[in-house]
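Understanding the architecture of this molecule
Residues per chain are reported as follows:
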Amino acid sequence: MTDAPVATVPAKPDTSGRSQWWDVWDQFKTHKGALFGAAVFGFIVLSVTIGPLLWTIEPTYIDIRSRNVGPSLAHPFGTDQLGRDILARMMAGGQVSIAVGLTAMLISVVLGAFIGVVAGFFRKLDTFLMGLTNLFLALPLLPLLLVMVMLFRETLARSFGPEMGTFILIVSAIGITSWMQTARIVRGEVLALKEREFVLAARSIGTPSRRMILRHILPNVLSPIMVSATLGIATAIITESALSFLGLGFPPDFPTWGRLLFDAIDYLQQYPERVFWPGLAISLTVLSVNYIGDGLRDALDPRIRGR
């Protein structure tokens, strides 16, 4: 009589030496929409950064003899009413729009995370900071942005030049008016973390508040901060496009995707493709960033990671 074969259980791979970011990447890879969004956003960023090195036509070069030309080998996206190459203006506008989105997102996320952590950790400041947050949430943001542009546009243009002054104004205005959602989300996470055992243990041994925030609180609220950051890029790009579409953004000779939409409105019936290209670029950028945010939310949440 022979012994029955014993089933063997495959050994689990040794992950003791792996960084936590490898686990985040493994979870992120399972989100197909996030991978698609990252690929599209990476393609757009590479196109607007490397593209001008390959397509050397200046976006501000005027050729009256070639104005209102349709798509061709010389001008794949055609030319505008002044003979400027639309492909070159699309790439230059993409650089400005993405730079505005990233910079304004950084301002809003840093400000919102700071206020949210302070309000959630220090009870004495919670009422004042949340009251300030609710006040900003109650303000009509678009009229507030328009007032800020009208008040400070000329002053900053004289100090830093028309382009840089407008850039500073736009990113500051968007960042200052879009931090509230991040602050409320981070505050809720901090309030829940304060009652966790590891925070109570750190407090019981006399850990200073600054060290407790940096070592125990901030790493555990990274997930909502990262999600807010990705959504902030999309919000900033849409807001800048809306301001440029209203004629209150960058100067006419300084293209952005919103400015290209504004310039193409008068020629919508004759040349609808001039509206299509910047609109498509804005839509794809915002959609890809939102998918990346969904993937990061799942990958950074330890309760979901590993499922």
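This text goes with the structure placed above it.
Predicted model, so just to flag it, every value in this text is computed and none were measured.

**A closer look at the overall build of the chain**
Scanning the chain from terminus to terminus reveals 12 helices and 0 strands. Secondary structure elements of the chain occur, N-terminal to C-terminal, as α-α-α-α-α-α-α-α-α-α-α-α. At 25 Å, the chain has a C-alpha radius of gyration far larger than the 19 Å of a compact globule built from 307 residues. With the C-alpha coordinates of the chain rotated into their principal frame, the extents come out at 90 × 70 × 30 Å. For the chain, contacts bridging at least 24 residues in sequence account for 70% of all contacts bridging at least 6. Total accessible area on the chain is roughly 17300 Å²; 66% of this is exposed by carbon and sulfur atoms. Of the charged side chains in the chain, 26 are positive and 22 negative, and the gap between their average positions amounts to 9 Å.

**A word on the side chain of His75**
Along the polypeptide, His75 turns up in the loop between α2 (32-54) and α3 (86-121). Apart from residues no more than four positions distant in its own chain, His75 is found in contact with Ile57, Gly70 and Asp85.

**Regarding the nonpolar core**
By size, the foremost hydrophobic cluster in this structure holds 43 residues, and its most contacted members are Met90, Phe121, Val190, Ile217, Ile225, Trp257 and Ile282. At 10 residues, the largest contribution of residues to this core is made by α3. Discounting residues that sit within four places of it in the chain, Ile225 has contacts with Val109, Ala113 and Val186. Core analysis: the second largest hydrophobic core is formed by 17 residues, Val96, Phe167, Ala236 and Leu243 among them.

**Focus on the environment of Gly70**
Take Gly70: it is sitting in the loop between α2 and α3. Residue class for Gly70 comes out partly exposed when judged on its relative accessible area of 32%. As for Gly70 and Phe167, which are separated by 97 residues in sequence, their C-alpha atoms are 31 Å apart.

About the cut-offs
Residues numbered from 1 in each chain as written. Predicted model: local features only at pLDDT ≥ 70, side-chain atom pairs only at ≥ 80, totals over all residues. Heavy atoms only, no water. Helix = DSSP H or I, 4+ residues; strand = E, 2+ residues; numbered from the N terminus. Rg over C-alpha atoms; globule rule 2.2 N^0.38 Å. Contact = heavy atoms within 4.5 Å. Areas by Shrake-Rupley, 256 points an atom, 1.4 Å probe, with all protein chains shown as cover. Lys, Arg positive; Asp, Glu negative; His and termini not counted. Charge placed at Lys NZ, Arg CZ, Asp CG, Glu CD. Core = buried A, V, L, I, M, F, W, Y, C linked by side-chain atoms within 4.5 Å. Buried < 20%, exposed > 50% of the residue type's maximum accessible area, 1.4 Å probe, protein only.

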